[in-house]
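Letter by letter, the chains look like this.
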Amino acid sequence: MKGLQTKYKALIGLLLFYLPFHLFLSPDYWDDAQFAQILGEYQNDLFQYTLTRYLNWSSRITIELALPFLTTWPAFVWKVLNLLMIALLYFDLVWMLERLFGLREKKTYLLTAVLLCAFPFSIMAQTGWIATTTNYLWVVSLGLYVINRMLKAGLFEERLSKGEILCAALSVIYCASFESMAAILFLIETGLLVYSRKTGKKCPAVVWICMGLTALFLLYILGCPGNRLRPVSDAGDWMPEYFELTFLDKLRMGILSSYMHFVSMPSPVFFIFNLVLYLMWRGETAGKRLLAALPVLTDVAWTGWFLANYLLGWRAFTYQTPTPLPEQWTERVEQGLLLLTVVIWFAVVLYTMFTRTRCGWPAAVVLLLACIPEVAVGITPTVVASILRTMIYLYMALILLTVMMMEGGEERRPVFAGRFLWLCMGMGIFLNACQISRHILLYG
């Protein structure tokens, strides 16, 4: 251990945190149990299984081909692969911090690992451990790997090995079957292509290969009959009012569901991000400090409001979702104030990124790209069921930006503020451990 770099010590700590939970959890309930039996329903005919799913349910072909095998093989196979995906996610974030934000300090690696330990991992079991992680954690890990390889070749003009190109292509084949990741990859690939044209440089082969594969998956997704039929059945299960909603109503559902996830139950990662945002303005005028404090103050205020609702018996103590068609004036006022809070949050975050950090544009792009999946799921009737696990995109963006601001604004923080931040991260890890343990005790 003494001979290892801090980067790898932090990784070992991260894996040691998640290892005990993986030893005890049981991936054999809800969707996991269904996928374990599904091939038997088709007499082990993979073609008929895939065709039926495509026509009636989903275009996520590579993910859904993996699920029947992962759910029937011994559980330790998925557990080992899942721990490796967590390790890959750590290296993805570290690479972006090193290359996009220029951070290579020891604290960079430690903070990244600690915040990943504070990430509410129990949301990765919402439909069953295997079904949720393969659709979200694995997609994000492999998607970020593809993005990093394309940026390495296209933006930083570094040569990739044949192995890296092959791994990037295989990763695209897996993660681009997920709709929102395919859209994110295509936007980044298009941006790199435009960058190459404007700079007069040759676009790297890995970008062309990944773009071609992504385009094929997008065509596959757009032509999928199941993607058009599924909203009808999902609306009956989750949101009968769906077909009465306008596009703006659906957008409102996506935005509010995302923000209410952060505040209806305390989210340590979100709170730490908002607190660091405020500390970036230490030493400025009282007006600017008050403006910078709005995200953390509204975070605490809304969490207090939902807690009061629970104590008064108006709401259950769980993640809250907005009413699709609010009729009572109290619901309309609440949703209006929540929307105003979100607008203020984005304004303060973007203003801080561009005025208090050296990485305004990369930070803004990371944040806005991470919002695409939340907006996408918000315009579907499964928003109340799917928004919880979809939040992994925003969580990874918040972790990146938190580490960037903590490292870049360290000189502005008093000693007690730094200690308080570490205390909050420790409490976040403890809360995450409690949530995972509770889920294992209740469901497996």
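Residues numbered from 1 in each chain as written. Predicted model: local features only at pLDDT ≥ 70, side-chain atom pairs only at ≥ 80, totals over all residues. Heavy atoms only, no water.

1. Points about the overall build of the chain
- Tallying secondary structure elements over the chain gives 20 helices and 0 strands in all.
- For the chain, whose C-alpha radius of gyration is 22 Å, the value lies close to the compact-globule estimate of 22 Å for 444 residues.
- Each of the three principal axes of the chain carries a C-alpha extent, and together these read 70 × 60 × 45 Å.
- Here the chain holds 444 residues, and the buried ones make up 54% of them.
- Across the chain, the fraction of contacts at a sequence separation of at least 24, relative to all contacts at a separation of at least 6, is 79%.
- As displayed, the chain has an accessible area near 20,100 Å², and 68% of this comes from carbon and sulfur atoms.
- Between the centroid of the 34 positive side chains of the chain and the centroid of its 28 negative side chains there is a distance of 12 Å. (Helix = DSSP H or I, 4+ residues; strand = E, 2+ residues; numbered from the N terminus. Rg over C-alpha atoms; globule rule 2.2 N^0.38 Å. Buried < 20%, exposed > 50% of the residue type's maximum accessible area, 1.4 Å probe, protein only. Contact = heavy atoms within 4.5 Å. Areas by Shrake-Rupley, 256 points an atom, 1.4 Å probe, with all protein chains shown as cover. Lys, Arg positive; Asp, Glu negative; His and termini not counted. Charge placed at Lys NZ, Arg CZ, Asp CG, Glu CD.)

2. Describing unusual backbone geometry
- Within the chain, N44 stands out as a residue other than glycine whose phi angle is a positive 60°.
- Structurally, N44 is set in the loop between helix 2 (31-41) and helix 3 (46-56).
- One non-glycine residue, E157, lies in positive phi territory at about 55°.
- A residue is classified by how much of its surface remains accessible, and E157, at 46% relative accessible area, is partly exposed.

3. Comments concerning the packing of helix 8 (residues 137-154) against helix 19 (residues 392-408)
- Where helix 8 meets helix 19, the closest approach of the two axes is 10 Å, and the angle between their N-to-C directions is 45°. Between helix 8 and helix 19, the angle falls in the class oblique. Our pair here, helix 8 against helix 19, has a crossing hand that is right-handed. Counted together, L137, V139 and V140 of helix 8 and I392, Y393 and M396 of helix 19 form the full contact between these two elements. (Axes fitted to C-alpha atoms, helices over the stretch in contact; angles between N-to-C directions. Parallel < 35°, antiparallel > 145°, perpendicular 65-115°, else oblique. Left-handed = near helix turned anticlockwise from the far one by under 90°.)

4. Observations regarding a nonpolar patch on the surface
- There is a patch of nonpolar side chains on the surface, built from M1, L4, Y8, I12, L16, L19, L23, F24 and F91 and spanning about 880 Å² of accessible area.
- A per-element tally of the nonpolar patch places helix 1 (residues 6-24) first, with 6 residues.
- Here L23 shows up in helix 1. (Patch = residues over 30% accessible without salt bridge, like charges linked within 9 Å, V, L, I, M, F, W, Y side chains within 5 Å. Salt bridge = Lys/Arg side-chain N within 4 Å of Asp/Glu carboxyl O.)

5. As for helix 2
- Among the residues of helix 2, D32, F35, I38 and L39 are the ones counted as buried. Take helix 2 and look down its axis: the buried residues cluster within an arc of 105°, on one side only. Relative to its buried face, helix 2 has exposed residues pointing more than 90 degrees away, namely Q34, Q37, G40 and E41.
- Contact partners of the buried residues in helix 2: helix 3, helix 4 (61-72) and helix 7 (129-135).
- Directly after helix 2, the chain includes Q43, whose backbone phi takes a positive value near 55°. (Arc of directions from axis to C-beta.)

6. Remarks on the packing of aromatic side chains
- Under the definition given, this model contains 26 aromatic pairs.
- Judged by centre distance (6.2 Å) and plane angle (25°), the rings of Y29 and Y443 are stacked. Here Y29 is found in the loop between helix 1 and helix 2, whereas its partner Y443 is found in the segment after helix 20 (415-442), with 414 residues between them in sequence.
- The exposure class of Y443 is partly exposed, given its relative accessible area of 39%.
- Note on W30 and Y443: the rings are 4.6 Å apart at their centroids and 55° apart in plane angle, and the pair reads as tilted. Taken together, the positions of W30 in the loop between helix 1 and helix 2 and Y443 in the segment after helix 20 put the pair 413 residues apart, joining distant regions of the chain.
- Taken together, F119, Y259, F262, F270, F273, W345, F346 and Y395 form an aromatic cluster joined through their ring pairs.
- One Lys or Arg, R99, reaches over the ring of F156 and ends 4.5 Å from the middle of that ring. (Phe/Tyr/Trp six-rings, centres within 6.5 Å; stacked < 30°, edge-to-face > 60°. Lys NZ or Arg CZ within 6 Å of the ring centre and 35° of its normal.)

7. Description of helix 20
- Compared with an ideal rise of 1.5 Å per residue, which puts 28 residues at 40 Å, helix 20 spans 41 Å between its outermost C-alpha atoms and is within 8% of the ideal.
- Buried within helix 20 we find A417, G418, L421, C424, M425, G428, N432, A433, Q435, I436, H439 and I440.
- Where helix 20 is buried, its residues contact helix 1, helix 6 (106-118), helix 7, helix 14 (268-279) and helix 19.
- Immediately beyond the C-terminal end of helix 20, within one or two residues, lies G444, with a positive phi of roughly 130°. (Expected span 1.5 Å × (residues − 1).)

8. Thoughts on the side chain of S386
- The residue S386 is located in helix 18 (residues 383-390) in this model.
- At a separation of 3.1 Å, a polar atom in the side chain of S386 contacts the side chain of R389. (Polar contact = N/O pair within 3.5 Å; in protein donor to acceptor, adjacent residues only side chain to side chain.)

No statement about biological role is implied by the geometric values presented.
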